[in-house]
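Report on the structure
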Amino acid sequence: MQDDPGRFAASVLPHLDAAYNLARWLVRDAHDAQDVVQDALVRALRHFDGFRGGDPRPWLLAIVRNAAFAWLGARRTGEVDFADHEHELAAALALDAPPADPESLAIRRAERREIDAAIAALPIAFREALVLRELEELSYRDIARITDVPIGTVMSRLSRARHLLAVALRPEAARNLA
Amino acid sequence: MNDDDLWLDALLDDELDAPASLALQRRLAAEPALQQRLDERRALREAIRAQATRHAAPDELRANLMAMLPSRADAPASPPAARERGAARRRMALPWAAGIGGALVATLCTLAVVAPASLGWHRGAAIGDLQTAEASEAVSAHTRALLVDHPIEVASSDQHTVRPWLSARLNFVPPVTDFAPQGFPLVGARRDVLSGETAAALVYRHGAHVISVFARPVDPSAPRAAEATRVVRGFNVIERTQGGLAFCFVSDANPHELRTLADLVAPPAGG
């Protein structure tokens, strides 16, 4: 069964776009994302007999995610050391006063490039949670498995990601991003 | 950024169980500021889903993958043209996703998941499809219960406590037995909603695993598979119809252990 390339293709091909999308958002470069997915596919094929059935998408995305982090780590981008900074970031967010004026947080009809820029500017831990939730529509549990953290951490990262986006997409802030 | 946001997000993400959703609904009704925050969160989410770029795999990558495979005879390649940038097209492909943003009621009742299945059923879809949707719903209920860390409304290993609690609240009573001697201690029970109907949810433990056992009455004249085993989003699911009740066993415990409990709770007919 593990020698069945047809089964591998049937499991992986439908999720190739999801794999590329995740890689693209993590490494933020089209060419590098291709390299990452290709690397991930090689790993996925090698370990396909370890895949015990079920939904192949979280399984594949976890491999892509690890490949992306390995790629980022090898290039010493500093992005993958987010764990150390998470507490500082949380503290900074907590200081951000809630909006006194309800309209200040109201999201305008933001342009696609503004939203893309705001997502791309998120710290990677928040970015990956947000992309997996909003663009790939995965459950908290799947996101927890893919990103290898407890569900509670997924919840707080998602919430912080959304808070940062809301702040970034305020009318007065969006101009600087776009 | 505060704790309320976590709960509002979980509500929008359909990750709260019925009791937690109801509690939050009551607060939303009483606190306009909280409702305002929810509306803002929903607007943000809709903006992201409608506008953020979902990058499609380049043709080159697809070709490289095909080249990697020794045989490409019957690989079901999805044509790149079918892929739409942005989320709009995907909404149409996933009709329930469109409902999530708007309808709180749908979120509460997890109708969002049921709707496609019941539409299909009216068009005469196979019983198997309907039951697959039920299994998927049961897995969602199970994971929501794990998530909010309140999987039980009545916490007791005493079947003489749990059974009367359920019978006071439901118009049917499932079998309630503590199987601690067999390695499946009863932890408690709660009410849940499956396929739009109230179901009893018994919670057992087996080692580190939590097992949800859903039970609800079924129309004996409706055709149903007596037994089905599946894997849904990484969880093992056993469905069994027995004595006028549809049981659904959900856990990340292995299928053999899950079946052991299934055979204790609802012994197979003639077995």
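Residues numbered from 1 in each chain as written. Chains lettered and ligands numbered in written order. Predicted model: local features only at pLDDT ≥ 70, side-chain atom pairs only at ≥ 80, totals over all residues.

1. Some words on the overall build of chain A
We apply this condition: Secondary structure elements follow DSSP: runs of H or I no shorter than four residues count as helices, runs of E no shorter than two count as strands, and numbering proceeds from the N terminus. Remark: C-beta atoms are placed from the backbone, and a residue is labelled buried if 20 or more other C-beta atoms sit within 10 Å of its own, exposed if 12 or fewer do, or partly exposed between those counts.
Tallying secondary structure elements over chain A gives 11 helices and zero strands in all. The N-to-C order of helical and strand elements in chain A reads α-α-α-α-α-α-α-α-α-α-α. Scored against the burial criterion, the 178 residues of chain A give a buried share of 43%.

2. Here's the deal with the overall build of chain B
To keep things clear, this is the line we draw: Any two residues are considered in contact once their C-beta atoms, placed from the backbone, lie within 7 Å.
Within chain B, the regular secondary structure consists of 11 helices and seven strands. Taking all 271 residues of chain B together, the buried fraction comes to 35%. Sequence-distant contacts in chain B: of pairs separated by 6 or more residues, those separated by 24 or more amount to 56%.

3. What to know about the pairing of strand E5 (residues 227-232) of chain B
Residues and elements named next belong to chain B. The cut-off we apply is this: Strands pair, by our definition, only if DSSP identifies at least two bridges between them.
Note: E5 against strand E6 (residues 235-242), six bridges, orientation antiparallel. Bridging from a neighbouring strand, Val 232 pairs with Phe 235 of E6. From the end of E5 to the start of E6, which pair antiparallel, there are two residues, and Arg 233 there has a positive phi angle of about 45°.

4. Observations concerning the nonpolar core
As a reminder of what qualifies: Think of a nonpolar core as buried Ala, Val, Leu, Ile, Met, Phe, Trp, Tyr and Cys residues chained together by C-beta atoms that fall within 7 Å.
In this structure, A:Ala19, A:Ala23, A:Val36, A:Val37 and A:Val64 are the most contacted members of the largest nonpolar core, which totals 68 residues. Those residues within four positions of A:Val64 in sequence are excluded, and the remaining contacts are A:Ala19, A:Leu22, A:Ala23, A:Val36, A:Val37 and A:Ala40. Of all hydrophobic cores here, the second largest spans 37 residues; its members include B:Ala141, B:Val203, B:Phe249 and B:Ala266.

5. Details of the sheet that holds strand E2 (residues 186-194) of chain B
Residues and elements named next belong to chain B. The cut-off we apply is this: Helix axes are fitted only over the stretch in contact, all axes being lines through C-alpha atoms; the angle between N-to-C directions runs from 0 to 180 degrees.
With antiparallel pairing, the seven strands of this open sheet are ordered in space as E1-E2-E3-E4-E7-E6-E5. The two strands at the open ends of the sheet, each matched to only one other strand, are strand E1 (154-155) and E5. Strands E1, E2 and strand E3 (197-206) of the sheet are contacted by helix H10 (residues 159-169), whose axis makes an angle of about 15° with E2. Sheet contacts for helix H11 (residues 255-265): E3, strand E4 (209-217), E5, E6 and strand E7 (245-251); angle to E6, the most-contacted strand, approximately 25°.

6. Some details on unusual backbone geometry
All names here are of chain A. Here the phi dihedral of Arg 28 falls at roughly 60°; this positive angle occurs in a residue that is not glycine. In this fold, Arg 28 is placed in the loop between helix H2 (16-27) and helix H3 (30-46). Residue class for Arg 28 comes out partly exposed when judged on the 17 C-beta atoms lying within 10 Å of it.

7. Focus on the confidence of the model for chain B
Residue and element names in this part refer to chain B. Short version of the rule: For every residue, the pLDDT score states the predictor's confidence, bounded by 0 at the bottom and 100 at the top.
Of all residues in chain B, 72% have pLDDT values of 70 or greater, and the mean over the chain is 73. In the predicted structure, residues 71-127 sits below a pLDDT of 50 and forms 85 contacts with residues beyond four places in sequence or in another chain. For this predicted complex, the interface confidence reaches an ipTM of 0.81, while the overall pTM sits at 0.52.

8. Observations concerning helix H4 (residues 56-74) of chain A
Test applied: Given a helix with a known number of residues, its expected span is that number minus one, times 1.5 Å.
Between the first and last C-alpha of H4(A) there are 27 Å, a value that for 19 residues agrees with the 27 Å anticipated at 1.5 Å per step. Along H4(A), the residues classified as buried are A:Pro58, A:Trp59, A:Leu60, A:Leu61, A:Ile63, A:Val64, A:Arg65, A:Ala67, A:Ala68, A:Trp71 and A:Leu72.

9. Structural notes on the packing of H2(A) against H3(A)
Residue and element names in this part refer to chain A. Note the threshold: In this scheme, roughly parallel covers angles under 35 degrees and roughly antiparallel covers those over 145, while 65 to 115 is roughly perpendicular and the rest are oblique. Each helix crossing is assigned a hand: it is left-handed if the near helix lies turned anticlockwise from the far helix by less than a right angle, otherwise right-handed if that turn is clockwise. The nonpolar class holds Ala, Val, Leu, Ile, Met, Phe, Trp, Tyr, Cys and Pro. Asp, Glu, Lys and Arg form the charged class, and all remaining residues, Gly among them, are polar.
At a closest axis distance of 8 Å, the pairing of H2 and H3 adopts a crossing angle of 130°. Comparing their axes, H3 and H2 come out oblique. Where H2 crosses over H3, the two elements pack in a sense that is right-handed. Together, Ala 19, Tyr 20, Ala 23, Arg 24 and Val 27 of H2 and Ala 30, Asp 32, Ala 33, Val 36, Val 37 and Ala 40 of H3 make up the contact between the two elements. Residue classes in the contact of H2 with H3 are distributed as nine nonpolar, no polar and two charged.

10. What to know about the environment of A:Asp142
When you line up the elements, A:Asp142 lands in helix H9 (residues 140-147). In this structure, the C-alpha to C-alpha distance between A:Asp142 and A:Leu61, residues 81 residues apart in sequence, is 9.7 Å. The residues contacting A:Asp142, other than those within four sequence positions of it, are A:Pro58 and B:Arg233.

11. Some remarks on the packing of H3(A) against H4(A)
Residues and elements named next belong to chain A. The geometry of H3 relative to H4 is characterised by a closest axis approach of 8 Å and an angle of 125° between their N-to-C directions. The angle between the axes of H3 and H4 places the two elements in the oblique class. Of the two elements, H3 crosses H4, and the hand of that crossing is right-handed. Here Asp 32, Val 36, Val 37, Asp 39, Ala 40, Arg 43 and Ala 44 of H3 lie close against H4, whose contacting residues are Leu 60, Ile 63, Val 64, Ala 67, Ala 68 and Trp 71. Taken together, the residues of the contact of H3 with H4 sort by class into 10 nonpolar, no polar and three charged.

12. Side note on the pairing of E7(B)
All names here are of chain B. In terms of residue burial, E7 counts as a mostly covered element, since seven of its seven residues are buried. Every second residue of E7 is oriented toward a common face, with Leu 245, Phe 247, Phe 249 and Ser 251 on one face and Ala 246, Cys 248 and Val 250 on the other, all of them buried. Sheet analysis places E4 next to E7, joined by seven bridges and oriented antiparallel. Among the inter-strand pairings, Arg 216 is bridged to a residue of E7, identified as Ala 246. Pairing analysis gives seven bridges linking E6 to E7, with the strands arranged antiparallel. In the strand pairing of E7, Asn 236 is matched with Ser 251. Between E6 and E7, which pair antiparallel one after the other, the connecting turn spans two residues, and Gly 243 there sits at a positive phi close to 60°.

13. What to know about the environment of A:Arg133
Counting through the fold element by element, A:Arg133 comes out in helix H8 (residues 124-135). Looking at A:Arg133, the number of C-beta atoms within 10 Å reads 25, which means it is buried. Between the alpha carbons of A:Arg133 and A:Leu158 there is a distance of 8.1 Å; along the sequence they are 25 residues apart. Not counting residues up to four positions away in its chain, the partners in contact with A:Arg133 are A:Leu138, A:Ile143, A:Leu158 and B:Asp13.

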